[in-house]
Amino acid sequence: MSADASDLSLVRRVQRGDKGAFDALVLKYQHKLVKLVMRYVRNPAEAEDIAQEAFIKAYRALPQFRGDSAFYTWLYRIAINTAKNAVVSRDRSPVEYDLDRSNTDESYDMQGRMKDSETPEGLVLTDEIRSTVNAAIDSLPEDLRTAIVLRELEGLSYEEIAAAMACPVGTVRSRIFRAREAIDRRLREVFEGGLGRAEELG
Amino acid sequence: MNEELDSQLSAMFDNELPAAECELLARRLSRDPDIKARWGRYAVIGAVIRAERGIALEGIVAGRVSAALSSEPALSVDALQPAGRRLQYRWWQPIAGAGLAAGVAAVSILWLRSQALPDGSQAVAPALAARTAALAAPAAQALRNAIAPVPDSFVVPPVSQRSTMVVPATELADYVVAHSAFSWPVSRGNLLSALMVSEPGTSSTPARSDQPASGVQGNAIQNPK
Amino acid sequence: MRSRIRSSERIGWLALALTLAGVASADEPAKWLERMNHALTTLNYDGTFAHWEGGKVEMLRIIHRLEDGTVSERLVSLDGSGREFVRTGPSLTCYLPDRHVVLVERTPAKVSLLSGFPAINEQTARFYDIKEVARMRFNRHSTHLITVMPRDEYRYGYRLWIDDSTAMPLKTQLCDAHGNVIEQIVFANLKIRPTIPDAAFRPAISTTGFHWLRNDSAALKETVTQSATVWNVDRLPPGFHMTVRAAQTMPGSTGPVDHLVFTDGLASVSVFVETHVVTTAGQAPVMESARVGSSYAFSRVVDGHKVTAVGEVPPQTVRFIADSVKAEKPSESAPPPATLGPLPGGPFAHARPPP
C-alpha cells in the first residue's frame, strides 16, 4: 500500500477530467499551504491569494505529475516558487529563503515592531471554529483524544500510533474516526448553521 | 450516515486506506457535496490542533479555487504540455534513493548548527562534507541544491560542446586575481570564492563570441537577458 | 459574511511600509554600505560561508586581519579541492594543488587594498537605486537589508544583510537587473576577533613539486620606459570612468601589461593590454569570453595586442569596454605615459578616511 494512495487516487481522477477531485485536494491542503506561504508574506489575505494561485498552477501542471514524488511535496514546491515570484515581482523586496521547515526567523517592519498575525480582523468565524474544536477535543475520552492528537499534531502513522498506544492498528483507525466524528458533530453546526461555507464548494 | 464509509473517509484522509478502496472512495468524494464537506472539516480539525494561527480556518481558498477552476479546461490524460513552458521546480524533485527528505533533513542540521553563532560554534563544513561524502553523487548534488535557494529564473542550460582550444587556466586566474584588488570588497569576496571553486581551464570559441565560452563551472552560460 | 475590506487593508499596509521606508534619512543606506566596506577591510574576522553560484554550493572559510596597516587574508576551500588563497599585504598567493601550481600576484605598491576599491558617491545613485528595505533578523542577528538595484543592464545589483552591530554582511546576494539572484554568500558562522595569530594564515598544504608562477618584479621597472603606446577607450557604458592606469607584469610572463580600471562607483572592470603572442602559425586572432562565477572576461586582439576586460559585471559590459579599447598615438612632447598608481583626481587619489 503506497503511503500516497489517497492523494494519487484523487490526482488520477483530476487528470482524467474530474475537477471535483481537485476540490478534495484543495480542501485537504489549503491550510498548510497558506501557512507555508505566510513565511514569505505576512499579510494573510495576500497569502491566500498566493495559495490560490499555487493551486491553480498545480492544477494546470497536473498532466506532468507522474507520482515520482508525493503529491504534497510537489505542491509544496509550487507554492514556494509562487510565493517567491510574487514577492520578487511585487517590488523587489528581498525574500528570506526558507530552508528549514522549523525556521524561526522573524521579520520586522521599519519601526521594529513584530507584526502580530493572530486572528486577522474580521475573521470572527475563525475564532468560533477554533474554540468549538478545542472544546470538543477537551471533552473527548482520553484514548480518542490521544489518537487524534498523535495523528494531527505529531503526524504519526497509524502503525506508529498503535505502537505508542499499545493497541492494534484497527483500533487506532477506529479511535481517530470516532474522535473526528465527535468534533465534527459540533463543527458542522458552525459551518452549515452559520455562513454556508459548504455552499461554495463543488 | 454510513459509519463504514465515514471510517473509510477518515482513513483515506490520513493516507491509511488501501489503494483499491481509495479509488472507489475518491469517486464518491468528488461527487458528493456532503462527503466533500466532511472531508474539508477534517482538514479544519487538523489545522486547529496544530494551532495554525493567523489563517482563516474556514478555508477561503478552496471556494475560490473551485470557482476559478470552473473556467479552466478539464484535464485529460492525453493533454500535452505546451512546448517551451519550463518546469521551474525541476530542481526539487527527489533523486531516486535519496529523496527530498534527505535534503531537508540535512538542511535542518546545517541550520541548527548555524544557529549557534559567534560564541564557540563549531565549523559547519565537516558535517556537510561528511554528509555529502556519504551520499551518492546525484544525491549530494541535490543536497547542495537544497542548502541554497535556487532562483526560479536561473536555469542551467545543458553543457555545450567545448571547443578544442584551451586557454591556460592560469591566464584567466591571473587576470581575475589582478583585478580583484580593485573590486568592491563584497564583489571581491564573490570573485575569489568563485575562483576558488572553479574548474581549471576555459575553452574559447573562435569568432562567435556572443556565446560566452563554457567555462569555469563546466556549464554553458545562459545568454544575458 | 466575512468582511470584504481586506483589499483596501492590504493596500493600506503596503503604503504604510513604503512611507516608513521614505522617512529614514536618504543617506543612510549608502552609509551602511560604507560601514560595511570599512568592516570588511578593517576588522579581524574568521568565518565559514556557503558560496552558491551556478546551482552549486561550496563551503569556504575566510580569515581576515588588518594589523599595522597590512592586510592578511586566507580563503580556504572546505570541500576537498584544497585550494587556498593567502594574501599578505600586496602579495596574493593562490595555491592550486589540483593543478600543482602556485600563482603569486603582486599588486602595484601604490594601490592600497584598504582604499583601492570604488567609492560610492552621488554619481553612483544615478545608476543604482540604493535603499534600506527592512530590518530583518538573520540567524538571531539584527540586520539591515540594503538593496542596491541597477538602473540598467550594464551592472549587477546586490542585496545585503548587514549586521547592525558589526556592519558585516551576513548574507549577500548578487542579482541581475531584474532582481534574479545569480550568486549568494551566506555566513554559517562568523567571529570577530581582537587578534589573529600569523599561524592562522599559513596554508595547510605542501607545495613540494609545485610550479611557481610570479610577477617578474625586475621587468616591472622597465615597463615604465618601454611601453610607448597609450591605451584608452573611446566610449564607455553609462556611468563608468577610468580610475587607475597602471603597468605590471603577469605571473608567468615577462612582458609589460597595461592595466586600466574603470568603475561606476560600485562595479569595476579591469582592462589588461599586452603584446599578443601568436602560438600557432597561421592561426586567426580569436575573441574569447569566459566567466568566473558571475564575473565575466572578454578578450580580443587589437593591433597585435591582446586586450582583456574582466569584471563583476554582466557579459555585455565587459564586451562593450573591450570593444572600445584603442591605441592612442603618444604626442611627441608627452612623457612616457605609464604611470604607476592612481590618476590624480580620481576616487583613488587619496585614501578615504574611515567613516
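Q: What exactly am I supposed to notice about the overall build of chain C here?
A: Regarding its fold elements, chain C presents five helices and 20 strands. The buried share of chain C, reckoned over its 355 residues, is 46%. Taking the contacts inside chain C whose residues are at least 6 apart along the sequence as the reference set, 57% of them involve residues at least 24 apart.

Q: What am I meant to see in the overall build of chain B here?
A: Across its full length, chain B holds nine helices and two strands. What you see in chain B, going N to C, is helices and strands ordered as α-α-α-α-α-α-α-β-α-α-β. When the 225 residues of chain B are sorted by exposure, 45% land in the buried category. Long-range contacts, defined as pairs at least 24 residues apart, comprise 51% of the intrachain contacts of chain B with a sequence gap of at least 6.

Q: What should I look at first to understand the confidence of the model for chain C in this one?
A: Reading predicted coordinates in detail is not appropriate for stretches of low pLDDT. Residues and elements named next belong to chain C. This prediction gives chain C a mean pLDDT of 75; 72% of its residues lie at or above 70. Taken element by element, the predicted model of chain C shows its lowest mean pLDDT in helix 1 (residues 6-23) (40) and its highest in helix 5 (residues 315-323) (93). For the stretch residues 1-24, pLDDT sits under 50, and the model shows 21 contacts to residues farther than four places along the chain or on other chains. Residue range residues 218-226 is modelled with pLDDT below 50. Its contacts to residues more than four positions away, or to other chains, number 13 contacts. For this predicted complex, the interface confidence reaches an ipTM of 0.79, while the overall pTM sits at 0.48.

Q: What am I meant to see in the pairing of strand 15 (residues 256-263) of chain C here?
A: The side chains of a regular strand alternate between both faces of the sheet. Residue and element names in this part refer to chain C. With eight of its eight residues buried, strand 15 lies for the most part within the structure. The alternating pattern of strand 15 places Pro256, Asp258, Leu260 and Phe262 and Val257, His259, Val261 and Thr263 on opposite faces, both of which are buried. Direction of pairing for strand 15 relative to strand 16 (residues 268-275): antiparallel, over a ladder of six bridges. The partner of Phe262 across the bridge, within strand 16, is Val269. Once strand 15 ends, the chain turns through four residues before running back antiparallel as strand 16, passing Gly265 with a positive phi of about 105 degrees.

Q: Any chance you could explain the environment of C:Thr229 here in plain terms?
A: Residues and elements named next belong to chain C. With respect to the element layout, Thr229 can be found in the loop between helix 4 (217-226) and strand 13 (230-233). Classification of Thr229 as partly exposed rests on a count of 15 C-beta atoms within 10 Å. The spatial distance from the C-alpha of Thr229 to the C-alpha of Lys326 is 9.9 Å, given a sequence separation of 97 residues.

Q: I tried to follow the pairing of strand 11 (residues 181-192) of chain C on my own but got confused; where do I start?
A: All names here are of chain C. Across the 12 residues that make up strand 11, a large majority, 10, are buried. Relative to strand 11, strand 10 (residues 169-175) is paired through five bridges, and the arrangement is antiparallel. Its bridge partner lying in strand 11, Gln173 is registered against Gln184.

Q: Help me understand helix 2 (residues 19-31) of chain B in this model?
A: It helps to recall that an α-helix has 3.6 residues per turn; residues three or four apart then point in one direction. For helix 2 of chain B, with 13 residues, the first-to-last C-alpha span of 19 Å sits near the 18 Å given by 1.5 Å per residue. Of all the positions in helix 2 of chain B, only B:Cys22, B:Leu25, B:Ala26, B:Leu29 and B:Ser30 are classed as buried.

Q: Honestly, the nonpolar core in this entry has me stumped. Any pointers?
A: In summary, soluble globular proteins display a tendency toward joint burial of nonpolar side chains. Ranked by internal contacts, the top residues of the largest apolar core, which has 95 residues, are B:Val176, C:Cys94, C:Val271, C:Ala297, C:Ala309 and C:Val318. Excluding residues that lie within four positions of it along the chain, B:Val176 makes contacts with B:Leu191, B:Leu195, C:Val292, C:Ser295 and C:Val310. Of all hydrophobic cores here, the second largest spans 74 residues; its members include A:Val26, A:Val34, A:Ala136 and A:Leu150.

Q: Could you clarify how one ought to interpret the packing of helix 2 (residues 19-37) of chain A against helix 3 (residues 33-49) of chain B in this entry?
A: Across the interface, helix 2 of chain A lies against helix 3 of chain B with an axial gap of 8 Å and an inter-helix angle of 15 degrees. Classified by the interaxial angle, the pair formed by helix 2 of chain A and helix 3 of chain B is roughly parallel. In the crossing of helix 2 of chain A with helix 3 of chain B, the sense of the turn from one axis to the other is right-handed. Mapping the contact onto sequence places A:Asp23, A:Ala24, A:Leu27, A:Lys28 and A:His31 in helix 2 of chain A and B:Lys36, B:Trp39, B:Gly40, B:Ala43 and B:Ala47 in helix 3 of chain B. Here the contact of helix 2 of chain A with helix 3 of chain B is composed, by residue class, of five nonpolar, two polar and three charged.

Q: Would you mind showing me how to read unusual backbone geometry here?
A: Excluding glycine, residues mostly carry a negative phi; peptide bonds, for their part, are mostly trans. Phi at A:Ala166 takes a positive value of approximately 55 degrees, unusual for a residue other than glycine. Turning to its location among the elements, A:Ala166 is positioned in the loop between helix 7 (158-165) and helix 8 (169-195). Take A:Ala166: there are 7 C-beta atoms within 10 Å of it, and that puts it in the exposed class. If you check the backbone angles, C:Asp303 has positive phi at about 50 degrees while not being a glycine. Mapping C:Asp303 onto the fold places it in the loop between strand 18 (295-302) and strand 19 (305-311).

Q: Help me out: how do you make sense of the confidence of the model for chain B in this one?
A: Residue and element names in this part refer to chain B. Predicted confidence across chain B gives a mean pLDDT of 58, with 43% of residues reaching 70 or more. Note that residues 78-169 has pLDDT below 50 and, in this model, 135 contacts with residues that lie over four places away or in other chains. Confidence over residues 200-225 falls short of pLDDT 50; this stretch has 73 contacts with residues more than four positions distant or in other chains.

Thresholds applied
Residues numbered from 1 in each chain as written. Chains lettered and ligands numbered in written order. Predicted model: local features only at pLDDT ≥ 70, side-chain atom pairs only at ≥ 80, totals over all residues. Helix = DSSP H or I, 4+ residues; strand = E, 2+ residues; numbered from the N terminus. Buried ≥ 20, exposed ≤ 12 C-beta atoms within 10 Å, placed from the backbone. Contact = placed C-beta atoms within 7 Å. pLDDT = per-residue confidence, 0-100. Pairing = 2+ DSSP bridges. Expected span 1.5 Å × (residues − 1). Core = buried A, V, L, I, M, F, W, Y, C linked by C-beta atoms within 7 Å. Axes fitted to C-alpha atoms, helices over the stretch in contact; angles between N-to-C directions. Parallel < 35°, antiparallel > 145°, perpendicular 65-115°, else oblique. Left-handed = near helix turned anticlockwise from the far one by under 90°. Nonpolar A, V, L, I, M, F, W, Y, C, P; charged D, E, K, R; others polar.

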